[in-house]
There are 2 protein chains.
Amino acid sequence: MKNVINREIPDEIIEKNALNVYQGPFAIEPTIRQHGPKVTAVKPGDSKLVSSIEEIIKKTGLKDGMTISFHHHFRNGDYIVNMVVDTIAKMGIKNLTLASSSLTNIHASLIEHIKNGVVTNITTSGLRGELAEEISRGLMKNPVIIRSHGGRARAIEAGDIKIDVAFLGAPAADEYGNASGAVGKAVCGSLGYAKIDAQYADKVVIITDNLVEYPNLPASISQKDVDYVVAVEEIGDPSGIASGATRYTKNPRDLLIAENAKKAIVHSGYFKDGFSFQTGTGGASLAVARFIRKEMIDKGITASFALGGITKPMVEMLEEGLVKSLFDVQCFDLVAANSISKNDNHVEIDASLYANPHNKGAVVNKLDVVVLSALEIDTDFNVNVITGSDGVIRGASGGHCDTAAGSKLTMIVAPLIRGRIPTVVDKVSHVITPGETVDVLVTDRGIAVNPKRQDLVEKFKQANLPLYDIEKLRDLAINTVGTPDAIEYTDQVVGLIEYRDGTIIDVIKAIK
Amino acid sequence: MKNVINREIPDEIIEKNALNVYQGPFAIEPTIRQHGPKVTAVKPGDSKLVSSIEEIIKKTGLKDGMTISFHHHFRNGDYIVNMVVDTIAKMGIKNLTLASSSLTNIHASLIEHIKNGVVTNITTSGLRGELAEEISRGLMKNPVIIRSHGGRARAIEAGDIKIDVAFLGAPAADEYGNASGAVGKAVCGSLGYAKIDAQYADKVVIITDNLVEYPNLPASISQKDVDYVVAVEEIGDPSGIASGATRYTKNPRDLLIAENAKKAIVHSGYFKDGFSFQTGTGGASLAVARFIRKEMIDKGITASFALGGITKPMVEMLEEGLVKSLFDVQCFDLVAANSISKNDNHVEIDASLYANPHNKGAVVNKLDVVVLSALEIDTDFNVNVITGSDGVIRGASGGHCDTAAGSKLTMIVAPLIRGRIPTVVDKVSHVITPGETVDVLVTDRGIAVNPKRQDLVEKFKQANLPLYDIEKLRDLAINTVGTPDAIEYTDQVVGLIEYRDGTIIDVIKAIK
């Protein structure tokens, strides 16, 4: 069957998994109760300290068929997933569902554990590297479920993901489980994704390389949610944790995009005292933040809050008084990680408060402006950030569709072409974010406004911005690089893309 | 039937309410899942601001037979309970269960609403004043359920209390529901009891007299848990909120008790670097804190943490570096209320983290020393803090049985007699805290150690402390004031005293 944005979702997938297909960004009105984790009473005097990962796995009662979860705050420096799954494999436990907030290049050893039957299901925000490549070629019998950060929080709270055991790496923890990311060798700042796992998993394990005196304060994860604590040599590689993605771009094309984006924001009507924003970590996005900062200083405007994965430039704006507060679900660099424990207006938030569509109001709902990237965007403004031009998974859903749905102005920034590949196309290969939630596309060659936002069209016209129909930008791209060959897929579904509300917005098939 | 500490619990009460009787402090091993509140999706652009209490009650869908909840952080200055229940009464809604974290003198107008059938069930930590008097004389058909602070958190998480609508007063809140107690006319500091209601109630209402700009940070209650916000003229009387209970006593008897208590603590083996403690707000308790402070300075000892309702002396010890951190479920004075927002080591905790016996480790589990008061204590060390010598309810369960169960050293401080009333008796009229969890009684006339703590007996003997069998202290009391007349009760059960684990430890009958 086809869903409301005309993506073909195979009937057998829907039936087998009792899924709903996407019906619009706010079509689902939940009528359920939150999933309740198992109640466990820890008595005075009980010790939570366990000597090894193997011992801790035994104590949790992990069995074939269960669901284990992880967070991705250590990004490409993460040692936890491999350490735990390797141990589980040695213990002979099979058929597990791995529910990580994301997976990346460093997790290639999961390929072996998928082949040997230890891991048979995966849900994650994204996949990269060899693991993504193999999965894109049909490694797994069951499709990976791609969830946004808000969608994962929703799924956990709804019991769509029932976590039996959460294995949570913590840069600092005490023996009773109070855990934080603010200090230690593997400092990562916010533990925003892990906080949800700790609250809803039946068993919660803290793995740390920095056991500190009780009480470890402030605690991102509370002792009242933690079953066991284990100290290991190393939980992550600091150089992989702080990705260094926040260097300022000097790429003239990125700067041109950023200049156009800045103008569009300034003339959108949302750029006024007390506005709020989120920008990403890409070169153009960071340049937008830099340009907006200058506009704010020039015009005497301050922002109410900035949101997201937080980077050094955001921290600087907080410290300059240009932004009153930062809501931080994930720190992208050491400056952010060090700020969160020092500055009371730099606030750690969990993934549900960040972006869950089915709570009583996530922070994304209060966003005025979000600047997002795209691998592809089509003439319906649908955005792909999950698969490359070869159809291989190489990205992550992240907070893309969450912030797009929440923000008053959702702006996609992207170069019109990348190498020989057009960014603006007739139909994106896979949809993460539906066009209905996207307002503006800003490229190096011009700006396109979603026709449903005639108010913005009027404002941008008056400001003499370089406005085009999106079809015109597509034509410009195609005329420059030609129409790329279609990607060839098999019939095997290797990924289900879940919209933040739990419906299926698209599927990813194996590439030939 | 009789429970394990020989208190008679009428069979019909047990059967009618499907209750268990008390079997020992750690006898219950929960095998349930947490109660999940209803999931409600608030969309971008939805407003939570409502113009009046009546309008908000309509919006919540409050109906006959439902459960409404309140917190008691405004203590005797609370305007919220009366404001809300008066409005509900005018709207004609009946047969409600009122689940307040506590009730006090100011809530006498509930008498009318019990008589007219608006409120037919109550659960609370305590009752005082006219309301308590009337209930003790049989005002209500259904018995009040007395729960400790930890027991209430347990009951809410377990779904024993299913809150339909929580009406939560907040000294500061923004229009999206981020609420806090740190600033405003009705400043009360920690909102530790309210936090649980906000997380588990189906509908959550914030009532404030101080609507502030979004985002109100730090938020004790999060926007993601709040349905509606209403601004009213006044939510409380500041003079009733800060009780001024923290003045130093000059009463020589209190000072004598405190001196004995200090010696017992110092010689208990628990008084060493990194120890932890909780003391109450009574004159003798505060004097203990003062004496212990001096001992700490003299011996170069610092405490890991202090816990509880927090008072000015605790804040001073934090600021002096004598205590590394404060865990604060409730601020008893303005000094504490002002400190919690300024000092990163003064940490707000919710009632579950404070004292819930059925989570993975409440802070009470980490207590070394707790100093508690008693209205009566018997020769089995059972303690009554709920009814006076006339059998009338005039107290609260509070954190008494929670901290007693958790702490390594549980010390009761009390004068041997009060006026013509002995404190040490054969059998307390009502049990809040079972003797099994009490280690030491310190009076102005001497110290008694629970026989199960022979280790303490040895230590105190070596230190030449004035040790007596508790029977000897009882005899001393009776010899001084004589045996008081027995209180006469009817057969009507007006109160069920629930132990923290959800079992019935005692019942309160109406006085004749």
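Residues numbered from 1 in each chain as written. Chains lettered and ligands numbered in written order. Predicted model: local features only at pLDDT ≥ 70, side-chain atom pairs only at ≥ 80, totals over all residues. Heavy atoms only, no water.

J.: I would appreciate a short explanation of a negative patch on the surface in the present structure.
T.: Residues and elements named next belong to chain A. A cluster of acidic side chains, namely Glu 8, Asp 11, Glu 12, Glu 15 and Asp 491, defines a negative patch on the protein surface. With three residues, helix α1 (residues 11–17) is the single largest residue contributor to the negative patch. As for its placement among the helices and strands, Asp 491 is situated in strand β25 (residues 489–498). (Patch = residues over 30% accessible without salt bridge, like charges linked within 9 Å, V, L, I, M, F, W, Y side chains within 5 Å. Areas by Shrake-Rupley, 256 points an atom, 1.4 Å probe, with all protein chains shown as cover. Salt bridge = Lys/Arg side-chain N within 4 Å of Asp/Glu carboxyl O. Lys, Arg positive; Asp, Glu negative; His and termini not counted. Charge placed at Lys NZ, Arg CZ, Asp CG, Glu CD. Helix = DSSP H or I, 4+ residues; strand = E, 2+ residues; numbered from the N terminus.)

J.: Would you explain the sheet that holds strand β21 (residues 424–425) of chain B in this entry?
T.: All names here are of chain B. In spatial order, the strands read β17-β16-β21; together these three strands make up an open sheet with mixed pairing. Pairing within the sheet leaves two strands with one partner each, and these edge strands are β17 (383–384) and β21. Pairing of strand β16 (residues 376–378) with β21 involves two bridges; the strand directions are parallel. Bridging from a neighbouring strand, Ile 377 pairs with Val 424 of β21. (Pairing = 2+ DSSP bridges.)

J.: Help me understand the sheet that holds strand β2 (residues 67–70) of chain B in this model?
T.: Within a sheet, neighbouring strands are paired by backbone hydrogen bonds and run either parallel or antiparallel to one another. Residues and elements named next belong to chain B. Read from one edge to the other, the open sheet built from 10 strands follows the order β1-β10-β9-β6-β2-β3-β4-β5-β25-β26, with strand pairing classed as mixed. Bordering the open sheet on either side are β1 (49–50) and β26 (504–511), each of which pairs with just one other strand. One ladder, built from two bridges, connects β1 with strand β10 (residues 228–231); its direction is parallel. For Leu 49, the partnering residue across the bridge sits in β10 and is Val 229. Of the strands in this sheet, β2, β3 (96–100), β4 (119–124), β6 (165–170) and β9 (203–208) are in contact with helix α3 (residues 80–91), which crosses β2 at around 155°. Lying over the sheet, helix α5 (residues 129–136) contacts β4, β5 (144–146), β25 (489–498) and β26, oriented at roughly 90° with respect to β26. (Contact = heavy atoms within 4.5 Å. Axes fitted to C-alpha atoms, helices over the stretch in contact; angles between N-to-C directions.)

J.: What exactly am I supposed to notice about the interface of chain B and chain A here?
T.: Accessible area lost when the parts come together is the quantity often used to give the size of an interface. Taken residue by residue, the interface counts 56 residues in chain B and 56 residues in chain A. In this assembly, chain B packs against chain A so that about 4700 Å² is buried in total across both faces, 52% of it on carbon and sulfur atoms. When the area that chain B buries against chain A is broken down by residue, the three leading residues are Val 39, Lys 224 and Lys 360 of chain B, summing to 20%. For the pair chain B and chain A, the interface holds 12 salt bridges. With a closest N to O distance of 2.9 Å, Asp 350 of chain B and Lys 224 of chain A form a salt bridge. Linking chain B with chain A are 36 residue pairs in polar contact (both at pLDDT 80 or more), by the criterion used here. Elements that contribute at least two residues to the side of chain B that touches chain A include exactly β9, β12 (303–310), β13 (323–331), α13 (351–355) and α14 (400–406) of chain B. It is β13 of chain B that provides the largest number of residues to the side of chain B that touches chain A, a total of three residues. Along the lines of polarity and charge, the residues of the side of chain B that touches chain A split into 23 nonpolar, 15 polar and 18 charged. (Buried area = accessible area lost by both parts, 1.4 Å probe. Polar contact = N/O pair within 3.5 Å; in protein donor to acceptor, adjacent residues only side chain to side chain. Nonpolar A, V, L, I, M, F, W, Y, C, P; charged D, E, K, R; others polar.)

J.: Would you mind going over the pairing of strand β15 (residues 369–372) of chain B with me for this structure?
T.: Regular strands show a simple pattern: their side chains alternate between the two faces of the sheet. Residues and elements named next belong to chain B. Of the two faces of β15, both are covered, the one formed by Val 369 and Val 371 as well as the one formed by Val 370 and Leu 372. As paired elements, strand β11 (residues 275–279) and β15 share three bridges and run parallel to each other. Bridging from a neighbouring strand, Phe 277 pairs with Val 369 of β15. Pairing geometry for β15 and strand β18 (residues 409–413), over four bridges, is parallel. Opposite Val 370, over in β18, you have Thr 410 as the bridge partner. (Buried < 20%, exposed > 50% of the residue type's maximum accessible area, 1.4 Å probe, protein only.)

J.: Just checking my understanding: could you explain the state of the cysteines for this structure?
T.: In a disulfide, the sulfur atoms of two cysteines are held together by a covalent bond. Residue and element names in this part refer to chain A. Taken as a whole, this structure holds zero disulfides over all chains when the rule is applied. You can see Cys 331 has no disulfide; the closest cysteine sulfur is in Cys 188, sitting 7.3 Å from it. Take Cys 331: its relative accessible area is 2%, and that puts it in the buried class. (Disulfide = S-S within 2.5 Å.)

J.: How should the relation of the copies chain B and chain A be read in this particular structure?
T.: Each of the two copies of the chain can be brought onto the other by a rotation about an axis and a shift along it. By a simple turn and slide, chain B fits onto chain A: the slide is 0.0 Å along the axis, the RMSD is 0.0 Å, and the turn is 180°. Considering both components of the superposition, the chain copies are consistent with a two-fold axis. When C-alpha positions in chain B are compared against the rotation axis, the closest is assigned to Gly 36 of chain B, at 2.6 Å. By residue overlap, the copies meet face to face through one surface: 100% of the interface positions of chain B are interface positions in chain A. (Least-squares fit on C-alpha atoms with pLDDT ≥ 70 in both.)

J.: Which parts of the structure should I look at to understand the pattern of salt bridges?
T.: Across all of its chains, the model carries 58 salt bridges over all chains by this definition. With a shortest N-O distance of 2.8 Å, Lys 43 of chain A and Glu 29 of chain B are connected by a salt bridge. With Lys 43 of chain A in the loop between α1 and β1 (49–50) and Glu 29 of chain B in the loop between α1 (11–17) and β1, this residue pair bridges two chains. Judged by relative accessible area, which is 23%, Lys 43 of chain A ranks as partly exposed. Linking Lys 294 of chain A and Asp 298 of chain A is a salt bridge whose minimum nitrogen-to-oxygen distance equals 3.0 Å. You can see Lys 294 of chain A and its partner Asp 298 of chain A sitting in helix α10 (residues 283–299), four residues apart, about one turn around the helix. For the pair formed by Lys 294 of chain A and Asp 298 of chain A, the shared burial category is exposed.

J.: Explain helix α5 (residues 129–136) of chain A here, please?
T.: Two residues of an α-helix separated by three or four positions point the same way, owing to the 3.6 residues in each turn. Residue and element names in this part refer to chain A. All of the buried residues in α5 are Leu 131, Ala 132, Ile 135 and Ser 136. Along the axis of α5, the buried positions cluster into a sector of 130°, meaning they face one direction only. Tucked into the core, α5 has its buried residues touching α4 (110–115), β4 (119–124), β5 (144–146), β25 and β26 (504–511). Gly 138 occupies a position one or two residues after α5 and carries a positive phi of about 100°. (Arc of directions from axis to C-beta.)

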